[in-house]
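# Structural features, examined
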Amino acid sequence: MPVIAVVNRKGGSGKSTFAAHMAAWSARQGHAVMLGDVDRQQSSRGWLRRRPAELPAIAPWAMDHKQMLRVPPSITHVVLDTPGGLHGFELARIVMFADAIVMPVCPSVFDRESAAACHAELATLPRIASGRCKVAVVGMRVDGRTRHGEVLRQWSDGLGVPFLGVLRETQLYVRALERGLTVFDLPSGKATIDLAQWEPILAWLQPLMQAPQPAANDPAPAAGQRVGGSRPASLMPAQESLIHGARLAVLAGGRSRVEEPAAQPARPRATTPREARQIPQFLKR
Ligand SMILES: Nc1ncnc2c1ncn2[C@@H]1O[C@H](COP(=O)(O)OP(=O)(O)O)[C@@H](O)[C@H]1O
Ligand SMILES: [Mg+2]
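Structural notes, computed from the coordinates. Along each chain, residues carry numbers from 1 onward, in the same order as the chain's sequence is written. Going through the entries in the order they are written, you letter the chains from A and number the ligands from 1. For this predicted model, a pLDDT threshold of at least 70 governs which residues receive local features, and a threshold of 80 or more governs which side-chain atom pairs are given and counted, while totals over whole chains, interfaces and linings are taken from all residues.

### Comments concerning the overall build of the protein
Secondary structure is summarised from DSSP: a helix means a run of H or I of at least four residues, a strand means a run of E of at least two, and numbering begins at the N terminus for each. What the protein contains, in helices and strands, is nine helices and nine strands. Taken across its 285 residues, the protein has 46% of its residues classed as buried. When contacts within the protein are restricted to residue pairs at least 6 apart in sequence, those whose partners lie at least 24 apart make up 79%. For the exposure call, what matters is how many other C-beta atoms sit within 10 Å of a residue's own: 20 or more marks it buried, 12 or fewer exposed, and in between partly exposed, using C-beta atoms placed from the backbone. Working definition of a contact: two residues with C-beta atoms, positioned from the backbone, lying within 7 Å.

### Re the nonpolar core
Definition of nonpolar core: a set of buried Ala, Val, Leu, Ile, Met, Phe, Trp, Tyr and Cys residues joined via C-beta atoms within 7 Å. Counting residues in each nonpolar core, the largest one holds 70 residues, and the members touching the most others are Ala-23, Leu-35, Val-95, Ala-98 and Ile-101. For this core, the element with the highest residue contribution is helix α1 (residues 15-28), accounting for eight residues. When residues no more than four places from it in sequence are discounted, the contact partners of Val-95 are Ile-101, Leu-122, Leu-125, Arg-127, Ile-128 and Cys-133.

### Description of the packing of α1 against helix α2 (residues 43-50)
Note on definitions: angles span 0 to 180 degrees between N-to-C directions of axes, and those axes are lines fitted to C-alpha atoms, for helices only across the stretch in contact. Direction vectors running N to C along α1 and α2 enclose 45°, while the axes themselves pass 9 Å from each other. The orientation of α1 relative to α2 falls into the category oblique. Handedness of the crossing formed by α1 with α2: right-handed. Together, Ser-16, Ala-19 and Ala-20 of α1 and Ser-43, Ser-44 and Trp-47 of α2 make up the contact between the two elements. Class assignment for the residues of the contact of α1 with α2 results in three nonpolar, three polar and no charged. Note on terminology: angles under 35 degrees are roughly parallel, angles over 145 are roughly antiparallel, angles of 65 to 115 are roughly perpendicular, and the others are oblique. By convention, the crossing between two helices is left-handed when the near helix turns anticlockwise from the far helix through less than a right angle, and right-handed when the turn is clockwise. We call Asp, Glu, Lys and Arg charged. Ala, Val, Leu, Ile, Met, Phe, Trp, Tyr, Cys and Pro are nonpolar, and the rest, Gly among them, are polar.

### Re the pairing of strand β5 (residues 77-81)
Note on strand geometry: in a regular strand, side chains alternate between the two faces of the sheet. Counting buried positions along β5 gives five out of five residues, so the element sits mostly inside the fold. Residues His-77, Val-79 and Asp-81 point to one face of β5 and Val-78 and Leu-80 to the other, with burial holding for every one of them. Any two strands are treated as partners once DSSP identifies two or more bridges connecting them. Summarising the sheet, strand β1 (residues 3-6) and β5 pair through four bridges and their orientation is parallel. Bridge pairing in β5 links Ile-4 to Val-79. As paired elements, strand β2 (residues 33-37) and β5 share five bridges and run parallel to each other. Each bridged residue has a counterpart across the sheet, and for Gly-36 the counterpart in β5 is Leu-80.

### Some points on helix α6 (residues 148-159)
The end-to-end C-alpha distance of α6 is 17 Å, a good match for the 16 Å that 12 residues give at a rise of 1.5 Å each. Turning to α6, its buried residues number three or more, namely Leu-152, Trp-155 and Ser-156. Axial view of α6: buried residues confined to an arc of 100°, hence all on one face. In α6, the exposed positions angled more than 90 degrees off the buried face are occupied by Gln-154, Asp-157 and Gly-158. Check the buried side of α6 and you find it contacts β6 (100-105), α4 (109-123), β7 (134-142) and β8 (163-168). Trailing α6 by a residue or two, Gly-160 shows a phi angle of about 80°, which is positive. In this analysis, the expected span of each helix is defined as 1.5 Å times one less than the number of residues it contains. By definition, the arc is the one covered by directions from the helix axis to the C-beta atoms.

### Side note on the pairing of β8
Counting buried positions along β8 gives five out of six residues, so the element sits mostly inside the fold. In terms of strand pairing, β7 meets β8 through four bridges, oriented parallel. Across the sheet, the residue bridging to Val-142 is Arg-168, located in β8.

### Section: the environment of Val-7
Relative to the helices and strands, Val-7 is located in the loop between β1 and α1. Since 28 C-beta atoms lie within 10 Å of it, Val-7 is described here as buried. Residues Val-7 and Ile-101 lie 94 residues apart in sequence; the distance between their C-alpha atoms is 6.4 Å. Setting aside residues up to four positions removed in sequence, Val-7 forms contacts with Thr-82, Leu-86, Ile-94, Ile-101, Met-103 and Cys-118.

Here is the structure:
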């Protein structure tokens, strides 16, 4: 199951905007996608509540450190929105389940410095270092009248991270998100420039989103076999099972709770508590 996480330590860098767009695009591709909101601010979840029911369905999924939420069996793709300031064990847990990390980065030197620090930490994680979880940068809120796009590209090249392109600063994003939409949902001709800017970004992500990757890149293990052998032992769930979605369920620690999709079209079905699996003790807080 492809899992794309949107990560950057800096708040306001466009993570929720990017995650909502990725989820909407994936839904338009016909995937049964879930938008996971690891952020306490729950921006993505709020956006999803505003999303018109007639648009391609995106399943809601929010979690924090007190809740444990599940990926329903019907879900085939996951996009994870994450909070600013993510680091250490929390960052490692996200990487453990992601096939790709997209870092939206605004052009200022403060944003670049913060993103460089975030990338430096990512680079220390085995799944990133081995290439099993890919990392790429997208320039966010770039004013086309400036050299900011080029500055970001050179900065990204300097880090050795693929630079997928830029999204311009425009109220189209702000207004679309307010209505539960993305630029992909706007009437034809309303967002021509923006859709063109998304093309190289989606070209990089599309193979990852299409690949039938069982459980975030790892080969399917035989029954009873421990999966993810190259991961640090401290991050391994103690009793990883092969239940669909179970591996993502350990992203959040704490008491089991299942979120019911609110008034969603039928496709992504919510799990029942019976389907839910107990979180390994050592991951609890
Ligand atoms: N390309 C863009 N043009 C204009 N405003 C944008 C753009 N991308 C994001 N924004 C606005 O910037 C603010 C922060 O974006 P958000 O996605 O919430 O960032 P984060 O999740 O990283 O905190 C929001 O108000 C959002 O509407
Ligand atoms: Mg956010």
